[in-house]
Amino acid sequence: MNDQLERLNRLPLRANLRGISPYGAPQLDVPILLNVNENTHGVPLNVREAITAAVTEAATGLNRYPDREFTTLRQDLADYLGHGLGAENIWAANGSNEVLQQILQAFGGPGRSVLGFPPTYSMYPLLASGTDTEYLRGVRADDYGLSAEDAARQVRELKPNIVFLCSPNNPTGTGLGLDVVEQVYAAGAESQTIVIVDEAYHEFAHDGTPSALTLLEGRERLIVSRTMSKAFALAGARVGYMAAAPEVTDALRLVRLPYHLSAITQATAIAALTHREALMADVEDIKVQRDRIVSELTRLGLKPAASDSNYVFFGGLADPGTVWQQLLDAGVLIRDVGIPGHLRVTAGTEPETTAFLAALAEILDHAPELRS
Ligand SMILES: *Cc1c(COP(=O)(O)O)cnc(C)c1O
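Residues numbered from 1 in each chain as written. Predicted model: local features only at pLDDT ≥ 70, side-chain atom pairs only at ≥ 80, totals over all residues. Heavy atoms only, no water.

A. Just the sheet that holds strand S9 (residues 303-304), in detail. Spatially, three strands are ordered S9-S10-S12 in an open sheet, and the strand pairing comes out antiparallel. The open sheet has two edge strands with one neighbour each: S9 and strand S12 (343-346). Pairing of strand S10 (residues 311-315) with S12, which is carried by four bridges, proceeds in the antiparallel orientation. Bridging from a neighbouring strand, Phe 314 pairs with Leu 343 of S12. Across the sheet, helix H10 (residues 276-299) lies against S9, S10 and S12, angled at about 15° from S10, the strand it touches most. (Pairing = 2+ DSSP bridges. Helix = DSSP H or I, 4+ residues; strand = E, 2+ residues; numbered from the N terminus. Contact = heavy atoms within 4.5 Å. Axes fitted to C-alpha atoms, helices over the stretch in contact; angles between N-to-C directions.)

B. Representation of the pattern of salt bridges within the structure. One pass over the full model with this rule turns up 14 salt bridges. Glu 157 is the salt-bridge partner of Arg 153, the closest N and O atoms lying 3.3 Å from each other. Of this pair, Arg 153 and Glu 157 are both found in helix H6 (residues 148-158), four residues apart, which corresponds to roughly one turn of the helix. For Glu 157, a relative accessible area of 55% translates into the label exposed. A salt bridge links Arg 226 to Glu 203; the nearest nitrogen and oxygen atoms lie 4.0 Å apart. In this pair, Arg 226 sits in strand S7 (residues 222-227) while Glu 203 sits in the loop between strand S6 (194-198) and S7, placing the two residues 23 residues apart along the sequence. Look at Arg 226 and you get buried, because its relative accessible area is 4%. A residue is classified by how much of its surface remains accessible, and Glu 203, at 12% relative accessible area, is buried. Salt bridges linked by common partners bring Glu 69, Arg 74, Asp 250, Arg 253 and Arg 256 together as one network. (Salt bridge = Lys/Arg side-chain N within 4 Å of Asp/Glu carboxyl O. Buried < 20%, exposed > 50% of the residue type's maximum accessible area, 1.4 Å probe, protein only.)

C. Focus on the nonpolar core. Within the largest apolar cluster, 110 residues are counted, with the highest numbers of intra-cluster contacts made by Met 228, Leu 297, Phe 314, Ile 334, Phe 356 and Leu 360. Each of domain 1 (24-43 + 278-370) and domain 2 (45-274) gives at least three residues to this core. With near-sequence residues (within four places) excluded, Leu 360 lies in contact with Leu 297, Leu 300, Leu 302, Phe 314, Val 323 and Leu 327. (Core = buried A, V, L, I, M, F, W, Y, C linked by side-chain atoms within 4.5 Å. Domains from an automatic or database assignment.)

D. Examining the packing of aromatic side chains more closely. Throughout the structure, instances matching the rule amount to eight aromatic pairs. Ring geometry for Tyr 80 versus Phe 232: centroids 5.2 Å apart, planes at 80°, classification edge-to-face. Of this pair, Tyr 80 sits in helix H3 (residues 71-81) while Phe 232 sits in the loop between S7 and strand S8 (240-243), placing them 152 residues apart in sequence. Their ring planes at 85° and their centres at 5.3 Å tell us that Tyr 121 and Tyr 124 sit as a pair that is edge-to-face. On the basis of relative accessible area, Tyr 121 is assigned to the buried category, the value being 17%. Taken together through their ring pairs, the aromatic side chains of Tyr 121, Tyr 124 and Phe 164 make up a single cluster. The cationic tip of Arg 74 hangs over the ring face of Phe 70; the distance from NZ or CZ to the ring centre is 5.7 Å. (Phe/Tyr/Trp six-rings, centres within 6.5 Å; stacked < 30°, edge-to-face > 60°. Lys NZ or Arg CZ within 6 Å of the ring centre and 35° of its normal.)

E. Inspection of helix H4 (residues 96-107) at higher detail. The first and last C-alpha atoms of H4 sit 16 Å apart over 12 residues, in line with the 16 Å expected at 1.5 Å per residue. Taken together, the buried positions of H4 are occupied by Ser 96, Val 99, Leu 100, Gln 102, Ile 103, Leu 104 and Phe 107. Directly beyond the C-terminal end of H4, a positive phi value near 105° is found at Gly 109. (Expected span 1.5 Å × (residues − 1).)

F. Here's a closer look at the site of the ligand. Neighbouring residues of the ligand: 13 residues in total, closest Ser 96, Tyr 201, Thr 227, Ser 229 and Lys 230. In this structure, an oxygen atom belonging to the ligand sits 3.0 Å away from a side-chain N or O atom of Asn 97. Here an oxygen atom of the ligand and a side-chain polar atom of Asn 170 are 2.8 Å apart. Protein chains bury 95% of the 390 Å² of accessible surface belonging to the ligand in isolation. Residue composition of the shell around the ligand, grouped by class: four nonpolar, six polar and three charged. (Near = heavy atom within 4 Å. Polar contact = N/O pair within 3.5 Å; in protein donor to acceptor, adjacent residues only side chain to side chain. Areas by Shrake-Rupley, 256 points an atom, 1.4 Å probe, with all protein chains shown as cover. Nonpolar A, V, L, I, M, F, W, Y, C, P; charged D, E, K, R; others polar.)

G. View of the environment of Arg 256. For Arg 256, the location among the structural elements is in the loop between helix H8 (246-253) and helix H9 (263-274). Among the residues examined, Arg 256 registers a relative accessible area of 13% and is labelled buried. Placed 15 residues apart in sequence, Arg 256 and Tyr 241 show a C-alpha to C-alpha distance of 13 Å. With residues up to four places along the chain from it excluded, the contact list for Arg 256 reads Arg 68, Glu 69, Trp 91 and Gln 102.

Printed below as a string of structure tokens:
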């Protein structure tokens, strides 16, 4: 590894890429994978069949470049989101990470800045480095909350070109009130700050949780980002998207690579959107498992945060590293997000969730000193 690093450092790498590590959540061969917030329920049979048929059809035309404007997919995504959105409001790419990267390419870059509020999604600083945008670390309350007044004050002081608001926040799982989005947007008026609300997990929110989509009307600097990686169980297909004013999609056209969304990807996403009923039923089951994790962890004397996502962030651990390792030894991979006293677990299927809870209870039973 050191030799590898030495050889990397001999290359004429850009200064702001020196010394940083690539995204690297462990990909291990373990029976129960609850570490990267994937949809644990798999792709339902009828959706698999629809995707297979659509991809077979798309294969006939693979000698040609795909529809560069992915018009059908954009219309289908607009219909799915509702709120009076049309295809002209929608943009998609290979995962919402690519959408976010395109936003930074268009609105960030050298001499510009992006503000995030750690602890938050670990990709934000990496996307900033990759586009040579300065990453500004905002401050949250001690309980990781973020009030509208506090967030707006930081935007007024720092005048970032872009702000990331992750709702529900990864890794803490807590949603932001729309007042935070409204006040941050207003605070960015002078600096013309682009406000990105990352709603990757919105489908898992408790019923009645409003989306920032309701705020798009009349706010041309507001972007709401979504993904098919989580609720739609399509992490492997790489499809993310955003909704915003039509001129934002025009800005992203300036930086996207031509034909960036393959015909296979477009066909897959359209098929899944068309057959989303079974997928949404799985989302409901995942919410049940998520709520079950929160109540069971509480019963075990731990401190789970309220979650509007498909994962639970929990504290009350004296030695999270050891708990993480012992769970792994028991065949359950969860996530150590590097926050003292805490771990994060994705809601599994019912048997997976049961196995996780049983393994954790046994670990804490044998070593009570692992609790704080
Ligand atoms: C998982 C996740 C995404 C999704 O990334 P994709 O590139 O669409 O797979 C985006 N934002 C957050 C906060 C996430 O946790």
